Amino acid sequence: MTAPVLTVEDVYTAYGLSQVLFGVSLEVAAGECVCLLGRNGVGKTTTMRSIMGLTPPRRGRVIWKGKDVAGREPYQIADLGIGFVPEDRRIFSDLTVWENLDVAARRRDGGSAWTLDRVFDLFPKLRELVDRQGGFLSGGEQQMLTIARTLMGNPQAVLLDEPSEGLAPVIVQDMAAAVTRMKAEGIAVLVSEQNLHFCSAVADRAYVIEKGVIRHEGPMAAIVADAGLREAYLGL
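Residues numbered from 1 in each chain as written. Predicted model: local features only at pLDDT ≥ 70, side-chain atom pairs only at ≥ 80, totals over all residues. Heavy atoms only, no water.

## Some thoughts on the overall build of the protein chain
Summing up its helical and strand segments, the protein chain has 10 helices and 10 strands in all. In terms of overall dimensions, the protein chain is globule-like: its C-alpha atoms have a radius of gyration of 17 Å, near the 18 Å expected for 236 residues. Out of the 236 residues belonging to the protein chain, those deemed buried represent 50%. For the protein chain, the proportion of contacts with a sequence separation of at least 24, taken over those separated by at least 6, is 71%. Carbon and sulfur atoms form 50% of the exposed surface of the protein chain, whose accessible area is close to 10,700 Å². Looking at the protein chain, you have 25 positive and 29 negative side-chain charges, and the mean spots of the two groups are 3 Å apart. (Helix = DSSP H or I, 4+ residues; strand = E, 2+ residues; numbered from the N terminus. Rg over C-alpha atoms; globule rule 2.2 N^0.38 Å. Buried < 20%, exposed > 50% of the residue type's maximum accessible area, 1.4 Å probe, protein only. Contact = heavy atoms within 4.5 Å. Areas by Shrake-Rupley, 256 points an atom, 1.4 Å probe, with all protein chains shown as cover. Lys, Arg positive; Asp, Glu negative; His and termini not counted. Charge placed at Lys NZ, Arg CZ, Asp CG, Glu CD.)

## Let's talk about the sheet that holds strand S2 (residues 18-29)
As summarised here, the arrangement of the 4 strands in space is S2-S1-S4-S5, forming an open sheet in which the pairing is antiparallel. Strand pairing shows two members of the sheet lacking a second neighbour, S2 and strand S5 (67-68), which therefore form its edges. Examined bridge by bridge, strand S4 (residues 59-64) and S5 share 2 bridges and lie antiparallel to one another. The residue of S5 that forms the bridge with Ile 63 is Asp 68. Sitting on the sheet, helix H1 (residues 44-52) is in contact with strand S1 (4-15), S2 and S4, with an inclination near 110 degrees to S1. (Pairing = 2+ DSSP bridges. Axes fitted to C-alpha atoms, helices over the stretch in contact; angles between N-to-C directions.)

## Re unusual backbone geometry
Phi is positive for Arg 89, which is not a glycine, with a value near 75 degrees. Take Arg 89: it is sitting in the loop between strand S6 (82-85) and helix H3 (97-104). Residue classification places Arg 89 among the buried residues on the basis of a relative accessible area of 15%. Look at Arg 90: it is not a glycine, yet its phi comes out positive at around 55 degrees. Its place among the elements puts Arg 90 in the loop between S6 and H3. Accessibility expressed as a relative area gives 54% for Arg 90, which makes it exposed.

## Notes on the side chain of Glu 141
Positionally, Glu 141 belongs in helix H6 (residues 139-152). Here Glu 141 occupies a buried position and makes no salt bridge, while the nearest side chain of opposite charge, Lys 125, is found at 4.3 Å. At 2.9 Å, the side chain of Glu 141 forms a polar contact with the backbone nitrogen of Ser 138. Setting aside its immediate chain neighbours within four residues, Glu 141 contacts Lys 125, Leu 126 and Leu 129. (Salt bridge = Lys/Arg side-chain N within 4 Å of Asp/Glu carboxyl O. Polar contact = N/O pair within 3.5 Å; in protein donor to acceptor, adjacent residues only side chain to side chain.)

## Notes on the packing of aromatic side chains
Summed over all chains, the structure comprises 0 aromatic pairs. The positively charged end of Arg 59 is found above the aromatic ring belonging to Tyr 12, 4.2 Å away from the centroid. Above the face of the Trp 114 ring, Arg 118 is positioned so that its terminal group lies 4.3 Å from the ring centre. (Phe/Tyr/Trp six-rings, centres within 6.5 Å; stacked < 30°, edge-to-face > 60°. Lys NZ or Arg CZ within 6 Å of the ring centre and 35° of its normal.)

## Focus on the layout of surface pockets
Counted as a void, the largest pocket has a volume near 760 Å³. Surrounding the largest pocket, 26 residues form its lining, Met 52, Ala 78, Phe 84, Arg 149 and Thr 150 being those nearest its centre. Among the elements of the structure, H1, helix H2 (74-79), S6, H3 and H6 are those that each provide at least two residues to the lining of the largest pocket. By residue class, the composition of the lining of the largest pocket is 12 nonpolar, 4 polar and 10 charged. (1 Å grid on protein atoms, 1.4 Å probe; cavity = no way out; pocket = protein on both sides within 12 Å on 5 of 7 lines; lining within 4 Å. Points joined across faces, edges and corners; volume = space filled by probe spheres on them. Nonpolar A, V, L, I, M, F, W, Y, C, P; charged D, E, K, R; others polar.)

## Topic: H3
What H3 keeps buried is the set Val 97, Asn 100 and Leu 101. Mapping the buried residues of H3 onto a view down its axis gives an arc of 90 degrees, with all of them on the same face. Tucked into the core, H3 has its buried residues touching helix H4 (116-122), helix H5 (124-128) and H6. (Arc of directions from axis to C-beta.)

## So, the sheet that holds strand S3 (residues 33-37)
Taken in spatial order, the 6 strands of this open sheet run S6-S7-S8-S3-S9-S10, and their pairing is mixed. Every interior strand has two partners, whereas the edge strands, S6 and strand S10 (213-219), have only one. Here the strands of the sheet are splayed against their neighbours by 15 degrees on average, with no regard to which way each runs. Examined bridge by bridge, strand S7 (residues 157-161) and strand S8 (residues 188-193) share 5 bridges and lie parallel to one another. For Ala 157, the partnering residue across the bridge sits in S8 and is Ala 188. Most of the contacts of H6 go to S6, to which it runs at about 170 degrees, and overall it touches S6 and S7. Across the sheet, helix H7 (residues 169-184) lies against S3, S7 and S8, angled at about 160 degrees from S7, the strand it touches most.

This is a description of form; function is not addressed.
This is the structure we're talking about:
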């Protein structure tokens, strides 16, 4: 594997007195997709929030391109080039599709830039809905918009929290195609998921988390093939 651009190192995170993460470590390289696999409530979203500074770790490091960013404000971490697609999408429901995308647009030095035309090529449905308010989009359309909006910030890493949850199979295929495109663009992609089929379609490697602890890591294909592991930690 090439050198990682994002490393989570021995992270412990809590909500008040409730400890959620216990020494979580993982890494993602540019152009690689890594899945954080696990059932609901095991610490996947908290890991994402810890990286983004939304729930800062109490211990451990979050290293982005060689610098420890743990404890920085979320806007500072986003400004460094890490994009976050939350499970609840957080679109601006009163703004149109175009306005949602335009407000997030940002150019960065180096690499090819994501523009309106490029995100519309990735999600052609959004081009048809460009003047529709976000609150009138379906769940799948809102998910497309959330990913497109994140890409308009031209991130170098993207964190996707449960991107396939509650979506129709055809939309899940669109999500998988988007992740594949991001990898081809050299973006480091970290996906938190419990959908093994989705992860097997997009991920190079995976970490299996249970009760806030990384229980297993390895190539995605090996995890898919390990029936005992799937049953023990994923209920499959």
